Amino acid sequence: MGPAGTGKSTFVARAVGRSDVGARHDLMSHTKEVRPVRYPHSDGIRNIVFLDTPGFDDTSITDVQILRQIAHWLNATYKKNIKLGGVLYMHRISGNRVSGTLLRNYNMLKELCGKDNFKNIILVTTMWDEVTEEVGSARERELQSDFWRSMISFGSTIHRFEGTMESAWKIINSL
């Protein structure tokens, strides 16, 4: 989950080693509906289902419509006895401000999941190749100490997505 343009589709594509999952790099949002992508876990026992979601603050659908899609998919999946293992919330580290929209999205995530489930949420920073280590680290520290502090205090963790399959699986395996 996360705002439009934070790399959700790219993360899924890298995790499954495919380029056809849906990541695009132009100005319009392209993920219009929730899209499950099944992939075998490296343990050889279970499958992982990634749910690529439209981004909040999308150019063509509302946040409410996005939340309805996610809730519908989760409800249908739960009825099949498939449980949600965790949530990855994507944040673009290259953004130089936390806007009101980003803050609303973050607060919506907190309300949706509830503090008892924060331990199952990973706050993922993306687009590290667009900033220097110094700038990105400073922003990461500010996110940790200010904006994400309450979720971290209830068990959420922060990870950097470096744009590779290895980086994606390091994050996934930490759930």
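As the structure is a computational prediction, the values presented were derived from the model and not from experiment.

Student: I tried to follow the overall build of the protein on my own but got confused; where do I start?
Tutor: Looking only at helices and strands, the protein features six helices and five strands. Listing each helix as α and each strand as β along the protein from the N terminus yields α-β-β-α-β-α-β-α-α-β-α. The globule rule puts the C-alpha radius of gyration for 175 residues at 16 Å, and the 15 Å found for the protein is close to it. Its C-alpha atoms give the protein principal-axis dimensions of roughly 45 × 35 × 30 Å. Relative to its full complement of 175 residues, the protein shows a buried share of 39%.

Student: So what exactly am I meant to see when it comes to helix H6 (residues 165-172) here?
Tutor: Spacing of three or four residues puts side chains on the same side of an α-helix, whose turn is 3.6 residues. Three or more residues of H6 are buried, namely Ser167, Ala168, Trp169, Ile171 and Ile172. For H6, the elements touching its buried residues are helix H1 (8-16), strand S1 (35-40), strand S2 (47-52), strand S3 (87-92), strand S4 (121-126) and strand S5 (157-160).

Student: Explain the side chain of serine 94 to me, please; I cannot follow it from the model alone.
Tutor: By the secondary structure assignment, serine 94 is in the loop between S3 and helix H3 (100-113). Residue classification places serine 94 among the buried residues on the basis of a relative accessible area of 19%. Within the structure, the side chain of serine 94 is placed 3.1 Å from the side chain of glutamate 130, a separation counted as a polar contact.

Student: Sorry if this is basic, but what is going on with unusual backbone geometry here?
Tutor: In this structure, asparagine 81 takes a positive phi of about 65° despite not being glycine. With respect to the helices and strands, asparagine 81 occurs in the loop between helix H2 (63-79) and S3. Look at asparagine 81 and you get exposed, because its relative accessible area is 58%. Unusually for a residue other than glycine, methionine 127 sits at a positive phi of about 65°.

Student: Looking at this structure, I do not really get the environment of arginine 18. What am I missing?
Tutor: Assignment of secondary structure puts arginine 18 in the loop between H1 and S1. Measuring from C-alpha to C-alpha, the distance between arginine 18 and glycine 114 comes to 33 Å, with 96 residues separating the pair along the chain. The contacts of arginine 18, once residues within four sequence positions are left out, are Ala13 and Val37.

Student: Looking at this structure, how should I read the environment of glycine 85?
Tutor: Along the chain, the position of glycine 85 falls in the loop between H2 and S3. Expressed as a C-alpha distance, the spacing of glycine 85 and asparagine 75, which sit ten residues apart in the sequence, is 14 Å.

Student: So what exactly am I meant to see when it comes to the confidence of the model for the protein here?
Tutor: In low-pLDDT regions, the fine details of the predicted coordinates are not to be read closely. Chain-level statistics for the protein give a pLDDT mean of 88 and a share of 93% at 70 or above. When mean pLDDT is taken per element in the protein, S5 scores highest with 98 and H3 scores lowest with 86.

Student: What's the story with the packing of H1 against H6 in this structure? I'm lost.
Tutor: Axis angle and axis distance: for two packed helices, these are the angle between their axes and the distance between the axes, and together they describe the pair. The interhelical angle for the contact between H1 and H6, taken along N-to-C directions, is 100°, at an axis separation of 8 Å. Accordingly, the angle class assigned to the pair H1 and H6 is roughly perpendicular. For the pair H1 and H6, contact is made by Phe11, Arg14, Ala15 and Val16 and by Met165, Ala168, Trp169, Ile171 and Ile172, respectively. Counted by class, the contact of H1 with H6 contains eight nonpolar, no polar and one charged residues.

Student: Explain the pairing of S1 here, please?
Tutor: Working note: regular strand, side chains alternate between the two faces of the sheet. In this sheet, S2 lies alongside S1 in antiparallel orientation, the contact comprising six bridges. Following the sheet pairing, proline 36 is matched in S2 by leucine 51.

Student: Where do I start with the nonpolar core in this structure?
Tutor: What tends to happen in soluble globular proteins is that the nonpolar side chains get buried as a cluster. Met1, Tyr89, Leu109, Ile121, Leu123, Trp148 and Met151 are the most contacted members of the largest nonpolar core, which has 22 residues in total. Put simply, the parts of the chain that give this core at least two residues each are H2, S3, H3 and S4. Among the nonpolar cores identified, the runner-up in size contains 16 residues, and Ile48, Met90, Trp169 and Ile172 belong to it.

Reading the values: rules and limits
- Residues numbered from 1 in each chain as written.
- Predicted model: local features only at pLDDT ≥ 70, side-chain atom pairs only at ≥ 80, totals over all residues.
- Heavy atoms only, no water.
- Helix = DSSP H or I, 4+ residues; strand = E, 2+ residues; numbered from the N terminus.
- Rg over C-alpha atoms; globule rule 2.2 N^0.38 Å.
- Buried < 20%, exposed > 50% of the residue type's maximum accessible area, 1.4 Å probe, protein only.
- Contact = heavy atoms within 4.5 Å.
- Polar contact = N/O pair within 3.5 Å; in protein donor to acceptor, adjacent residues only side chain to side chain.
- pLDDT = per-residue confidence, 0-100.
- Axes fitted to C-alpha atoms, helices over the stretch in contact; angles between N-to-C directions.
- Parallel < 35°, antiparallel > 145°, perpendicular 65-115°, else oblique.
- Nonpolar A, V, L, I, M, F, W, Y, C, P; charged D, E, K, R; others polar.
- Pairing = 2+ DSSP bridges.
- Core = buried A, V, L, I, M, F, W, Y, C linked by side-chain atoms within 4.5 Å.

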